[in-house]
Amino acid sequence: MNPVIALVGRPNVGKSTLFNQLTRSRDAIVADFPGLTRDRQYGNGQLGNKPFTVIDTGGITGDEQGIDAAMAEQSLLAIDEADIVLFLVDARAGLTPTDMSIANHLRINRKKTWLVVNKVDGLQEDIATAEFHELGLGETWPIAASHGRNVTQLIDIVLAPF
Ligand code: GDP
Ligand code: MG
């Protein structure tokens, strides 16, 4: 089976933009959970000769109730299904309390997690990533999903063990 990469993080950090970059909408299918508009979405990508599956999620707001609770549930299911978790944060928004609570969950999860700092276009990478070290998830990986900056390099590294 192909390695599975889950994209998790707050809404609006750029998960779907990265998903589209990685899959180029090829074979994108929407998970079959009727009634939910913010389901997990599965797509296939390939880097060199390595195929992989990527799961986009609706995002975790930090105070989930009602439909939002289901949305967060999708993120937890995606993490369970994944071999690799890419936790996206937003360099422009900066570190938020919700990022902190997602990080707390990911730290106790045993899945290999990569802290991806998105939207670094026009920013200096070391400055843009500095505050996110506080999340305690180790090294930060700056990208600009909408520009494709550092995206291939990141996927190459996360797929290396597979
Ligand atoms: P999601 O809610 O996490 O799926 O986020 P989206 O992929 O929908 O992106 C949210 C917003 O951030 C959109 O307006 C994107 O165009 C923008 N965005 C995504 N990636 C980047 C990036 O690398 N740089 C900048 N400047 N904006 C981005
Ligand atoms: Mg999205």
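One structure accompanies this document, and this report is about it. These numbers were taken from a predicted model, which means no experiment stands behind them.

## Thoughts on helix H1 (residues 15-23)
Okay, so step 1: Of all nine residues making up H1, seven are buried, and the element is well covered by its neighbours.
Okay, so step 2: Burial in H1 covers these residues: Lys15, Thr17, Leu18, Phe19, Gln21, Leu22 and Thr23.
Okay, so step 3: On the buried face of H1, the contacting elements are strand E1 (4-9), strand E3 (41-47), strand E4 (50-56), strand E5 (84-90) and helix H5 (151-159).
Okay, so step 4: Immediately downstream of H1, the backbone of Arg24 shows phi near 45°, a positive value.

## Some points on the site of ligand 1
Okay, so step 1: Around ligand 1 sit 15 residues in total, of which Gly14, Lys15, Ser16, Thr17 and Ala144 are the nearest.
Okay, so step 2: Considering every element that reaches the shell around ligand 1, the biggest residue donor is H1, with three residues.

## Observations regarding unusual backbone geometry
Okay, so step 1: Phi at Asn12 takes a positive value of approximately 80°, unusual for a residue other than glycine.
Okay, so step 2: Mapped onto the secondary structure, Asn12 falls in the loop between E1 and H1.

Criteria and thresholds
- Every chain is numbered on its own, with residues counted from 1 as its sequence reads.
- Numbering of ligands from 1 and lettering of chains from A proceed in the order in which they are written.
- Given that this is a predicted model, residues contribute local features only at a pLDDT of at least 70 and side-chain atom pairs are listed and counted only at 80 or more, while totals for whole chains, interfaces and linings are drawn from all residues.
- Labels follow a simple rule on C-beta atoms placed from the backbone: if 20 or more others lie within 10 Å of a residue's own, it is buried; if 12 or fewer, it is exposed; otherwise it is partly exposed.
- Working definition: helices are DSSP H or I runs of at least four residues, strands are E runs of at least two. Numbering for both runs from the N terminus.
- Throughout, a residue-residue contact means that the two C-beta atoms, derived from backbone geometry, are no farther apart than 7 Å.
- Defining nearness, a residue is near a molecule or strand when the C-beta atom obtained from its backbone falls within 6 Å of it.

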